[in-house]
Amino acid sequence: MRLVTAPYLEQTAGWPSTGRHILAQFDDTSVVVYQAYRPAIGHHAATHGRFGGEYSFSRMSWIKPNFLWMMYRSGWGTKPDQEVTLALRLRREGFEELLAQAVASSFGASPFSTQESWRAALQQSDVRLQWDPDHDPAGQPLARRAIQLGLRGRALRRLNDEWLLDVEDISDFVREQRAHIATPERLLTPLERVYPVFNSATAERLGLG
């Protein structure tokens, strides 16, 4: 497995306990995000390094840079049609473009002063933003918020055609670590840090902090 992992308890001690933060595995040129699919879609993507086959580009597709948020949503790979967990390595400039385009799914969660300006931005953007409670390995909600981005249209095509560097099926790792949910001292998770957003306009758009 190409993902870098570390003991969960060592990592969580250094993560923010509250607020909105992008936790992710990244380096100077790339960032990892996660998705979960049924086997026909997940295996095709891992084999070809791109989405295709039964995958639909006409639907919105959500990416999550936080591994444990993905595990909560997929039930650690046990929910129907989410059995295959994929780690997608994206070009960092592409990920940052998605962040810059993101518009909150609801007006109340957005920085816009009027519903009219929010609706206009929503119509112009192919990227949706949601902040939800992060969760610990056992599925208990935390005060910290986790980000997910919904992609459609041109943004989804660009992720697949321009920004996608690598697709890795990490389902075996997920199954192995699922056995350690009740013994977190044995649990390994992908090494994640707070992703820095240096552009002040993007940070305000995302509501970081």
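Just so we're clear, the structure is a prediction, and the values are computed from it rather than from any experiment. (Residues numbered from 1 in each chain as written. Predicted model: local features only at pLDDT ≥ 70, side-chain atom pairs only at ≥ 80, totals over all residues. Heavy atoms only, no water.)

A. Broad picture of the sheet that holds strand β4 (residues 30–37). Spatial strand order, β4-β6-β10: 3 strands in an open sheet with antiparallel pairing. Of all the strands in the sheet, just β4 and β10 (164–169) have a single pairing partner and so form its edges. The mean angle between the axes of side-by-side strands here comes to 25°, regardless of whether they run parallel or antiparallel. With 8 bridges connecting them, β4 and strand β6 (residues 84–91) associate as antiparallel partners. If you follow Val 31 over to β6, its bridge partner there is Leu 90. (Pairing = 2+ DSSP bridges. Helix = DSSP H or I, 4+ residues; strand = E, 2+ residues; numbered from the N terminus. Axes fitted to C-alpha atoms, helices over the stretch in contact; angles between N-to-C directions.)

B. The packing of aromatic side chains, seen in detail. Applying the stated criterion across every chain, the model contains 11 aromatic pairs. Centroid distance Phe 51 to Tyr 55: 4.5 Å. Interplanar angle 25°. Geometry classified as stacked. By the burial criterion, Phe 51 is buried, and Tyr 55 matches it. On the basis of an interplanar angle of 85° and a centroid distance of 5.9 Å, the ring pair of Phe 67 and Trp 76 is categorised as edge-to-face. Residue class for Phe 67 comes out buried when judged on its relative accessible area of 1%. Among the aromatic side chains, those forming a connected cluster through ring pairs are Tyr 34, Phe 67, Trp 76 and Phe 173. Taking NZ or CZ as reference, Arg 157 lies 3.9 Å from the ring centre of Phe 57, over its face. Arg 193 extends its terminal NZ or CZ atom over the ring of Phe 26, reaching a point 4.0 Å from the ring centre. (Phe/Tyr/Trp six-rings, centres within 6.5 Å; stacked < 30°, edge-to-face > 60°. Buried < 20%, exposed > 50% of the residue type's maximum accessible area, 1.4 Å probe, protein only. Lys NZ or Arg CZ within 6 Å of the ring centre and 35° of its normal.)

C. Structural detail: helix α6 (residues 153–163). When we look at burial in α6, the residues that qualify are Ala 155, Leu 156, Arg 158, Leu 159, Asn 160 and Trp 163. Along its buried surface, α6 packs onto β5 (61–63), β6, α4 (92–101), β8 (127–135), β9 (141–151) and β10. (Contact = heavy atoms within 4.5 Å.)

D. Representation of the pairing of β9 in the model. Relative to β9, strand β2 (residues 19–20) runs parallel, the two being bridged by 2 bridges. Residue Arg 20 lies in a different strand from β9, and its bridge partner there is Arg 145. Summarising the sheet, β5 and β9 pair through 3 bridges and their orientation is antiparallel. Bridged to Trp 62 within β9 is Gly 150. Taken together, the 8 bridges between β8 and β9 define a ladder with antiparallel strand orientation. By the bridge assignment, His 135 is partnered in β9 with Pro 141. Between β8 and β9, which follow one another and run antiparallel, lie 5 residues, and Gly 139 among them has a positive phi close to 90°.

E. Spatial organisation of the side chain of Gln 25. As for its placement among the helices and strands, Gln 25 is situated in the loop between β3 (23–24) and β4. Gln 25 sits in the buried class, given a relative accessible area of 8%. Reaching out from Gln 25, the side chain makes a polar contact with the backbone oxygen of Leu 191 at a distance of 3.0 Å. If near-sequence neighbours (up to four positions away) are discounted, Gln 25 is found in contact with Leu 3, Val 4, Val 31, Val 32, Arg 89, Pro 190, Leu 191 and Glu 192. (Polar contact = N/O pair within 3.5 Å; in protein donor to acceptor, adjacent residues only side chain to side chain.)

F. Layout of α4. Those residues of α4 lying buried are Arg 92, Gly 94, Phe 95, Leu 98 and Leu 99. Here the buried residues of α4 occupy an arc of 165° about the axis, which is enough to place them on one side. (Arc of directions from axis to C-beta.)

G. Expanded view of the side chain of Gln 148. As for its placement among the helices and strands, Gln 148 is situated in strand β9. For Gln 148, a relative accessible area of 3% corresponds to the buried category. Within the structure, the side chain of Gln 148 is placed 3.2 Å from the side chain of Asp 132, a separation counted as a polar contact.

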